[in-house]
Number of protein chains: 4
Amino acid sequence: MSDRTYRIVLDCPDRIGIVTRVGEVITNNGGWIKEAAHYSDEENNWFFSRFEIKAESLSFSAEVLAQKFASLQKEFSMNLQVLDTSRPKKVVLMASKGSHCLSDLLDRWKSGDLECDIPCVISNHEDMRGMVEWYGIPYFCVPIDPSNKSVGFAEVERLVTEHETDCVVLARYMQILPPSLCQTLKHKVINIHHSFLPSFIGAKPYHQAAERGVKLIGATCHYVTEDLDEGPIIDQDVVRVKHSDKVEELVRRGKDVEKVVLARGLRAHLEDRVLVRGNKTVVFN
Amino acid sequence: MSDRTYRIVLDCPDRIGIVTRVGEVITNNGGWIKEAAHYSDEENNWFFSRFEIKAESLSFSAEVLAQKFASLQKEFSMNLQVLDTSRPKKVVLMASKGSHCLSDLLDRWKSGDLECDIPCVISNHEDMRGMVEWYGIPYFCVPIDPSNKSVGFAEVERLVTEHETDCVVLARYMQILPPSLCQTLKHKVINIHHSFLPSFIGAKPYHQAAERGVKLIGATCHYVTEDLDEGPIIDQDVVRVKHSDKVEELVRRGKDVEKVVLARGLRAHLEDRVLVRGNKTVVFN
Amino acid sequence: MSDRTYRIVLDCPDRIGIVTRVGEVITNNGGWIKEAAHYSDEENNWFFSRFEIKAESLSFSAEVLAQKFASLQKEFSMNLQVLDTSRPKKVVLMASKGSHCLSDLLDRWKSGDLECDIPCVISNHEDMRGMVEWYGIPYFCVPIDPSNKSVGFAEVERLVTEHETDCVVLARYMQILPPSLCQTLKHKVINIHHSFLPSFIGAKPYHQAAERGVKLIGATCHYVTEDLDEGPIIDQDVVRVKHSDKVEELVRRGKDVEKVVLARGLRAHLEDRVLVRGNKTVVFN
Amino acid sequence: MSDRTYRIVLDCPDRIGIVTRVGEVITNNGGWIKEAAHYSDEENNWFFSRFEIKAESLSFSAEVLAQKFASLQKEFSMNLQVLDTSRPKKVVLMASKGSHCLSDLLDRWKSGDLECDIPCVISNHEDMRGMVEWYGIPYFCVPIDPSNKSVGFAEVERLVTEHETDCVVLARYMQILPPSLCQTLKHKVINIHHSFLPSFIGAKPYHQAAERGVKLIGATCHYVTEDLDEGPIIDQDVVRVKHSDKVEELVRRGKDVEKVVLARGLRAHLEDRVLVRGNKTVVFN
């Protein structure tokens, strides 16, 4: 998308001097800050920070930069990562039969609007093989047998591991991931839920919305946890509906919000703008 | 706001000929249609219709026009009302200590942007007497004693009756109306709930929203029924919030949505655009 | 999408009796109104009307229904059309190199969310042949030679005619149609302009937006006329931008609005909800 | 609003070390950062920064803190201000006859939702004296004689000076400030323009909008400069309109956006989140 940067993303117990001490490491090595944001969660006494450094201003790799923070990290009990935008994240897309989110993400990717690699698409159906392969991306159909889901999910896990996946996107994947997989991929699986959470948790949210007679419907992009529909929210949005909209029409209108919110949430994640703590996110937009 | 019209608002079991037969009564009397909308709820086989007729095109009153529909009404088992925009509805505002909705509605009313009369304001506190009286509107403070609410609500009901009230607006009135009053004033009491229903039903929705970490908060304008927060929804909207927003900040941001949604919902009601059936509304916007 | 209907769309000089007289033709033939809306433009004394009739309630075709309005049409100097939803409009898509609108429309079409046929895609570049053909749609590459555009546009016109096109969608087609073609296809060509018109008329609107420092950018869906960017507006929307967004980022954010607004405007057109008079539209949503 | 902070707001030519060197001054004095954001405008090689420091973490005043940056300021050619949230800005409101923005701001102020003092309201009409005085705020009516405006504006300038004004808000003040006053109060006068700039610059934007047939109308909050409607934009928003909306209806709908956008822009200014450079703003939201 733009010039190469190193991104430093960190959180730690809050105290005096965090920005300055991190800044000193950056400056002493000649790092040029392009953008940065910091936030102190006073209620939980926790500090969150994100820096973007022009890569050309540093004479070494992201790994070496990370090492330079080692003692600081220890001293401040800091979670800290350094990411290099020249190494795009590997994002595995998972979908079922609905194509709108998958098709939207693939077009964004091909147009260069999503800074990631897509090593493969995994689906429990064959329906979208043609489209995915047209984009030159391997397609794996892994059926999920209702009477023995563990076989399918073992294969999913194998594929995710094999492709050195940084992030899994459930682009309207209609199966529930098993708790063990949620644990393994903690804060690495992004889902799009087709309601404005916490409204209409659970199945058939558009039916619930029609039943309640709401005037807006929404979509929620969140990290997947073992508690279905309860994970940390990354982004949400809504769209206006009419009294004359039947359920099918709500579904159709909802698709527009789903795909935009998923793409926006994923992009924030890919740009390392989303920091998770407990069940909430800090999003440095 | 604009030229005088008669509004015909009706609903009935759906069948062939409703629009035409109603239209014939209008046309045969020289009525000039300014705007009209019709909707057939196929699921429940029910028909909804609203006409605005230029008053000057008819040589008689709204009551006389209503009478001309008498036989049709019987034949079609029709609920039908004719309203004359030269007779603004009488709207009683109820509030507690929060001023944003009340102040907003009063300014709209004084500016001529709300087509209604406001015979009085009722509050369970004295706080806003000065402002309301500055607008030249009588202010009644009716405290609600937690140990004996019936006394207060009897007085509220008396005031509502005495002022020949067409509509009651709960402009952040923080007491729950007793079921009997809800029944008496069915589809005549409009409330603004400070959440995007059905999210965060019940008390302290902004605290619930902060706890859940949502990225948008909302407000819902609805008719009051005996089932708290469950009445037919008239309008809703949302506003974006940030991870750094504490509860007080959510409250502050929420006020902007609350007052706009309440004013919009009330306006639709005053323009007779809202038809209620069961727990849903048809809004002819 | 849903049950078959006949749509009656009309406009004429305003006078008493239009709805009723049209309604009588419908009712006398057993027509069941599913939805209808009427609007009187008092300033220009012009009346607009749209009815949806359940096709099953009538024992004859849309053509026959249209004939039954012949004398009324004459008497009221009415423009009137009857459309049959079982005969989807033929929509030719035109695009250049940018794929986001084209890809979005194709996915909606394949998912059954756009009620139309797409006989072909015409582009002045080869880039999107593969994707379009994957959808099973013929792709015609018609280069536009800057020094002699008339050759290319003659071929475009030939293709449009050959495919019995009801509607042409410029899905980010980056060439300006010649006035003669605009005339031939009056009110049949829908364009998506990448700004919130009338802001930033002309070339490079995102550069203009960046230069001016606006906080929202938008997109406008409109009918194409000989006056570039001046045609009747069907729909518009905006998206929030940040001070840190460079032009490329505005372009990226803008795409989301462009594709949604184009799809929404096209859908309104396909549902015969858009009536044009002079340089404005009536949209019966 | 919340706990007392010192805000450091600065901009300067971009180079390595700005955040770190500023941070060192903060940390060496025991300052606890609550929130901070930094942005490098690469195109113009300019750096913008904003820190919020918990006041209780420093043992001295904002003035003393500012002095501690003196040498840094010189070294980096820095514009730098330190503001103390316990000293609210003095905001003079100016209005004409339209009450919606003024009434809205006064209610927010009284509710504690605007962190400022309002030493007085200045109007060229008497209409709103009663309301303003009810809020306990002095009201000065300064008529502007069309044939000799300089007398009135001299009085305005005198009042602004006398009240040690930090910021002037034109809350639908319908007179154009003279260039000299714009110069004197550079980046201190906030206006709400009743269109989505740069659409419909100049007089009667709602008439222009009706004429063009747009589907959204908007409002723009900006700093006033000598070039009318051309000043740096702080915030903007839009609202949907209908084909049936006459100009008066656009005006009414527009008021909702005007007041919300003005309040939002003013709040950002009061929280020292808006940095101006050239004709653009950086808004650290």
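Residues numbered from 1 in each chain as written. Chains lettered and ligands numbered in written order. Predicted model: local features only at pLDDT ≥ 70, side-chain atom pairs only at ≥ 80, totals over all residues. Heavy atoms only, no water.

Taking an unreviewed UniProt entry as the reference, chain A is identified by name as Formyltetrahydrofolate deformylase belonging to Marinomonas pollencensis. Database annotation for chain A, UniProt heading Catalytic activity (unreviewed entry): "(6R)-10-formyltetrahydrofolate + H2O = (6S)-5,6,7,8-tetrahydrofolate + formate + H(+)". (UniProt positions renumbered as here; feature names shortened; annotations may be inferred.)

1. Re the state of the cysteines
For the coordinates displayed, the defined rule picks out 0 disulfides over all chains. Its sulfur unpaired, Cys116 of chain C is 8.1 Å from the next cysteine sulfur, which belongs to Cys167 of chain C. Between Cys182 of chain D, a cysteine without a disulfide, and Cys167 of chain D, which holds the nearest cysteine sulfur, the sulfur-to-sulfur distance is 14 Å. Among the residues examined, Cys182 of chain D registers a relative accessible area of 5% and is labelled buried. (Disulfide = S-S within 2.5 Å. Buried < 20%, exposed > 50% of the residue type's maximum accessible area, 1.4 Å probe, protein only.)

2. Describing the relation of the copies chain B and chain D
The operation relating chain B to chain D is a screw motion whose rotation component is 180 degrees, with 0.0 Å of axial translation and a residual RMSD of 0.0 Å. Both copies of the chain, as the preceding transformation shows, are related through a two-fold rotation axis. A shared binding surface is used by both copies, with 100% of the interface residues of chain B retained as interface residues in chain D. (Least-squares fit on C-alpha atoms with pLDDT ≥ 70 in both. Contact = heavy atoms within 4.5 Å.)

3. Focus on the environment of Leu170 of chain D
Within the element layout of this structure, Leu170 of chain D appears in strand 9 (residues 167-170). Put simply, Leu170 of chain D and Ile190 of chain D are 20 residues apart on the chain and 6.0 Å apart in space, counted from C-alpha to C-alpha. (Helix = DSSP H or I, 4+ residues; strand = E, 2+ residues; numbered from the N terminus.)

4. Describing the interface of chain B and chain A
Across the boundary between the two partners, chain B contributes 34 residues, which contact 34 residues of chain A. The junction of chain B with chain A conceals about 2800 Å² of combined surface from both sides, 52% of it contributed by carbon and sulfur atoms. Interface area lost by chain B to chain A is led by Arg212, Lys215 and His243 of chain B, which between them contribute 26%. Linking chain B to chain A there are 8 salt bridges. For Glu42 of chain B, the salt bridge goes to Lys246 of chain A, with nearest N and O atoms at 3.2 Å. Scanning the region where chain B abuts chain A turns up 25 residue pairs in polar contact (both at pLDDT 80 or more). Contributing elements (two or more residues each) for the side of chain B that touches chain A: helix 8 (205-212), strand 12 (233-240) and strand 14 (280-283) of chain B. Counting residues per element, the side of chain B that touches chain A draws most heavily on strand 12 of chain B, which supplies 7 residues. (Buried area = accessible area lost by both parts, 1.4 Å probe. Salt bridge = Lys/Arg side-chain N within 4 Å of Asp/Glu carboxyl O. Polar contact = N/O pair within 3.5 Å; in protein donor to acceptor, adjacent residues only side chain to side chain.)

5. Comments concerning the sheet that holds strand 4 (residues 79-84) of chain A
Spatially, the 8 strands line up as an open sheet ordered 4(A)-1(A)-3(A)-2(A)-2(D)-3(D)-1(D)-4(D), and their pairing is antiparallel. A strand with exactly one partner marks an edge of an open sheet, and here the two such strands are strand 4 of chain A together with strand 4 (79-84) of chain D. Strand-to-strand twist across the sheet, computed as the mean angle between neighbouring axes with direction ignored, equals 10 degrees. Bridge count for strand 1 (residues 5-13) of chain D against strand 4 of chain D is 6 bridges, and the pairing is antiparallel. Of the residues in strand 4 of chain D, the one forming a bridge with Val9 of chain D is Gln81 of chain D. Here helix 1 (residues 18-28) of chain D sits on the sheet in contact with strand 2 (33-41) of chain A together with strand 1, strand 2 (33-41) and strand 3 (46-54) of chain D, set at roughly 25 degrees to strand 3 of chain D. (Pairing = 2+ DSSP bridges. Axes fitted to C-alpha atoms, helices over the stretch in contact; angles between N-to-C directions.)

6. Thoughts on the packing of helix 1 (residues 18-28) of chain A against helix 1 of chain D
Where helix 1 of chain A meets helix 1 of chain D, the axes come as close as 8 Å, and the angle between the chain directions of the two elements is 145 degrees. Of the two possible hands of crossing, helix 1 of chain A and helix 1 of chain D adopt the one that is left-handed. Where helix 1 of chain A approaches helix 1 of chain D, its residues Val19, Thr20, Gly23, Glu24 and Thr27 of chain A are matched on the opposing element by Val19, Thr20, Gly23, Glu24 and Thr27 of chain D. For the contact of helix 1 of chain A with helix 1 of chain D, the per-class residue count stands at 2 nonpolar, 6 polar and 2 charged. (Left-handed = near helix turned anticlockwise from the far one by under 90°. Nonpolar A, V, L, I, M, F, W, Y, C, P; charged D, E, K, R; others polar.)

7. Regarding the sheet that holds strand 1 (residues 5-13) of chain B
Taken together, the 8 strands give an open sheet; going across it, the order is 4(B)-1(B)-3(B)-2(B)-2(C)-3(C)-1(C)-4(C), and neighbouring strands pair in antiparallel fashion. Each edge of the sheet is formed by a strand with only one pairing partner; in this case those strands are strand 4 (79-84) of chain B together with strand 4 (79-84) of chain C. Across the sheet, the axes of successive neighbouring strands diverge by a mean angle of 10 degrees, strand direction being ignored. As defined by bridge partners, strand 2 (residues 33-41) of chain B adjoins strand 2 (residues 33-41) of chain C across 5 bridges and the pair is classed as antiparallel. Along strand 2 of chain C, the bridge assignment pairs Ala37 of chain B with Ala37 of chain C.

8. Thoughts on the UniProt feature "domain: ACT" (unreviewed entry) in chain A
Under the local residue numbering, the UniProt record ascribes the feature "domain: ACT" (unreviewed entry) to residues 7-87 of chain A. From the first C-alpha to the last, residues 7-87 of chain A spans 12 Å; its make-up is 30% helix and 38% strand.

9. Focus: the packing of aromatic side chains
Summed over all chains, the structure comprises 10 aromatic pairs over all chains. Where Phe196 of chain A meets Phe196 of chain B, the ring centres are 4.8 Å apart and the plane angle is 70 degrees; that geometry is what we call edge-to-face. Taken together, the residues Phe196 of chain A in the loop between strand 10 (189-193) and helix 8 (205-212) and Phe196 of chain B in the loop between strand 10 (189-193) and helix 8 connect one chain to another. Geometrically, the ring pair formed by Trp134 of chain C and Tyr135 of chain C is edge-to-face, given 4.9 Å between the ring centres and 75 degrees between the ring planes. (Phe/Tyr/Trp six-rings, centres within 6.5 Å; stacked < 30°, edge-to-face > 60°.)

10. Overview of the interface of chain B and chain D
On the side of chain D, 23 residues touch chain B, which itself brings 23 residues to the contact. Of the roughly 2300 Å² buried between chain B and chain D, counting both surfaces, carbon and sulfur atoms make up 41%. Among the residues chain B hides against chain D, the three largest losses belong to Asp107, Trp134 and Arg252 of chain B. Together they make up 23% of the total. Here Lys255 of chain B ties to Asp113 of chain D by a salt bridge, and the two come within 2.8 Å at their closest N and O atoms. Going through the elements one at a time, helix 4 (100-110), helix 5 (129-134) and helix 9 (247-270) of chain B are the ones with two or more residues in the side of chain B that touches chain D. Counting residues per element, the side of chain B that touches chain D draws most heavily on helix 9 of chain B, which supplies 7 residues. Here the side of chain B that touches chain D is composed, by residue class, of 5 nonpolar, 6 polar and 12 charged.

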